[in-house]
Amino acid sequence: MTPRTVGPVQLQVLEAGEGGRPLLLSHGFTGAKEDFGDWMDAFAAEGWWVVAPDLRGHGDSDQPAEEELYSLGTYATDLFTLADDLDWARFSMVGHSMGGMVAQEMVLRSPDRIERLVLMDTHHGPVEGLDPDTVAVAVDVLRTQGLPALLELIAMLPQAPKAPADLRVRAERPGYIEFGESKVNRSAPAMYAAMGIELSSRVDRLAELSGLTMPVRVVVGAEDKGFIGASRRMADAIPTADLVVIPDAAHSPQFENPEAWWAAVEPFLAAREAAQQLVD
């Protein structure tokens, strides 16, 4: 783990393969750099200089207390500043869930800096199933009673059935449930409030994404019901995009079907698929 000063905040990052081809990995809402921890050495072995930060308000990175210091746009600025600190003029990127929304902000702001892009289990607009009125009630509890009280309230509410792939990993991978709980518990309350509001009400970027010209791969778990429709729409709208649906996977296919996820992501980023097609 390495600290990187990014403007007014310090981000903690996982990093491997310094000097290789630049690759930035961006986790989702209440996620962490360790969401990609299994893959750092594998990317480095393929020649990548791979960097996975904890976004501000997450994990081991700084956690500003003011809600106005969190937004998709702010995260985009943080990650561009991180790339500048690494002396990366151009880089490839994988954005997972909220991290994919941050990647959209980045590629629409400075498309010349992103070489190849993977949008993974993410959305082009407001997240489906997040009702703004319900989010407003949750944010009020968060602001007045704190994050533990909100998490206790959420646990008492009826829960949607978990995807079979998620249940399988929870049962088979030691510590996976505790890992997920710890990520949420280590999240900044101000981040949780600000991003809960934005993710439920953000402007739809689908029309703007249709102007992208770099290679884009949209990856989604077959069981990720809240994001598979949006993934299909993005793949259809972006002229240079294709879609890979990962079987036996839900919202975190890097854990749920790791071999299929790797096969969908790394060869695309390395452009080996296109080269193989020319040979064939």
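Residues numbered from 1 in each chain as written. Predicted model: local features only at pLDDT ≥ 70, side-chain atom pairs only at ≥ 80, totals over all residues. Heavy atoms only, no water.

## Side note on helix H4 (residues 132-145)
With 14 residues, H4 ought to run about 20 Å at 1.5 Å a step, and its terminal C-alpha atoms sit 20 Å apart, in line with that. The complete set of buried residues in H4 reads Val135, Val139, Val141 and Leu142. Projection of H4 onto a plane perpendicular to its axis shows the buried side chains occupying an angular sector of 160 degrees, all on one side. Exposed residues on H4 whose side chains face more than 90 degrees from its buried face are Asp133, Val137, Thr144 and Gln145. Residues of H4 that are buried in the fold lie against helix H5 (147-156) and helix H8 (189-199). Looking one or two places after H4, you find Gly146, whose phi comes out positive at around 100 degrees. (Helix = DSSP H or I, 4+ residues; strand = E, 2+ residues; numbered from the N terminus. Expected span 1.5 Å × (residues − 1). Buried < 20%, exposed > 50% of the residue type's maximum accessible area, 1.4 Å probe, protein only. Arc of directions from axis to C-beta. Contact = heavy atoms within 4.5 Å.)

## Section: the pairing of strand S1 (residues 2-6)
Each regular strand carries side chains that alternate between the two faces of the sheet. Where S1 meets strand S2 (residues 9-16), five bridges bridge the pair, whose relative direction is antiparallel. Within the sheet, the bridge partner assigned to Thr2 lies in S2 and is Val13. Remark: two residues form the turn of the hairpin made by S1 and S2, two consecutive strands paired antiparallel; Gly7 in that turn has positive phi of roughly 60 degrees. (Pairing = 2+ DSSP bridges.)

## A few points about the packing of aromatic side chains
Inspection of the entire model under this criterion finds ten aromatic pairs. Ring plane angle 85 degrees and centroid distance 6.4 Å describe the contact between Phe43 and Trp261, whose orientation is recorded as edge-to-face. Of this pair, Phe43 sits in helix H1 (residues 40-45) while Trp261 sits in helix H12 (residues 258-269); the two residues are 218 residues apart in sequence, bridging distant segments of the chain. A ring pair is formed by Tyr176 and Phe255, whose centres lie 5.3 Å apart and whose planes are at 65 degrees; its orientation type is edge-to-face. A residue pair is termed long-range when its members are at least 10 positions apart, and Tyr176 in helix H7 (residues 176-185) and Phe255 in helix H11 (residues 253-256) qualify at 79 residues. (Phe/Tyr/Trp six-rings, centres within 6.5 Å; stacked < 30°, edge-to-face > 60°.)

## Re the nonpolar core
Within the largest apolar cluster, 49 residues are counted, with the highest numbers of intra-cluster contacts made by Leu24, Phe91, Met106 and Val216. It is helix H2 (residues 72-85) that contributes the most residues to this core, seven residues altogether. Counting residues in hydrophobic clusters, the runner-up holds 24 residues, among them Phe36, Phe43, Met120 and Phe268. (Core = buried A, V, L, I, M, F, W, Y, C linked by side-chain atoms within 4.5 Å.)

## Brief notes about the packing of H4 against H5
Look at H4 against H5: their axes get within 7 Å of each other, and the N-to-C directions meet at 140 degrees. Taken as axis vectors, H4 and H5 run oblique relative to one another. Across the interface between the two elements, Ala138, Val141, Leu142 and Gln145 from H4 touch Leu147, Ala149, Leu150 and Leu153 from H5. (Axes fitted to C-alpha atoms, helices over the stretch in contact; angles between N-to-C directions. Parallel < 35°, antiparallel > 145°, perpendicular 65-115°, else oblique.)

## With respect to the pattern of salt bridges
Enumeration over the complete set of coordinates arrives at 16 salt bridges. Two residues, Glu128 and Arg233, come together in a salt bridge whose shortest N-O distance is 3.2 Å. Separated by 105 residues along the polypeptide, Glu128 in the loop between strand S6 (114-120) and H4 and Arg233 in helix H10 (residues 225-237) bring together distant segments of the chain. Under the relative-accessibility criterion, Glu128 is labelled partly exposed at 40%. (Salt bridge = Lys/Arg side-chain N within 4 Å of Asp/Glu carboxyl O.)

## Observations concerning the sheet that holds S1
Across the sheet, eight strands lie side by side as S1-S2-S4-S3-S5-S6-S7-S8; this open sheet has mixed pairing. At either margin of the open sheet sits one strand with a lone partner, and together these are S1 and strand S8 (241-246). The mean angle between the axes of side-by-side strands here comes to 25 degrees, regardless of whether they run parallel or antiparallel. Sheet analysis places S2 next to strand S4 (residues 48-53), joined by four bridges and oriented antiparallel. Bridge pairing in S4 places Leu14 opposite Ala52. Its contacts with the sheet place helix H3 (residues 98-109) against strand S3 (21-26), strand S5 (91-96) and S6, and it is angled at close to 140 degrees to S5. The strands that H10 touches are S6, strand S7 (216-221) and S8; relative to S8, the one it contacts most, it runs at about 155 degrees.

## Comments concerning the side chain of Gln104
Topologically, Gln104 is positioned in helix H3. The contacts of Gln104, once residues within four sequence positions are left out, are Leu119, Thr122, His123, His124, Arg202, Arg205, Leu209 and Met234.

## Here we look at the pairing of S6
With six of its seven residues buried, S6 lies for the most part within the structure. Bridge analysis of S5 against S6 gives five bridges, and the strand direction is parallel. Looking across to S6, one finds that Gly95 is bridged to Leu119. With H3 bridging S5 and the parallel S6, this β-α-β connection has right-handed handedness. (Right-handed = clockwise from strand over helix to strand, strands pointing away.)

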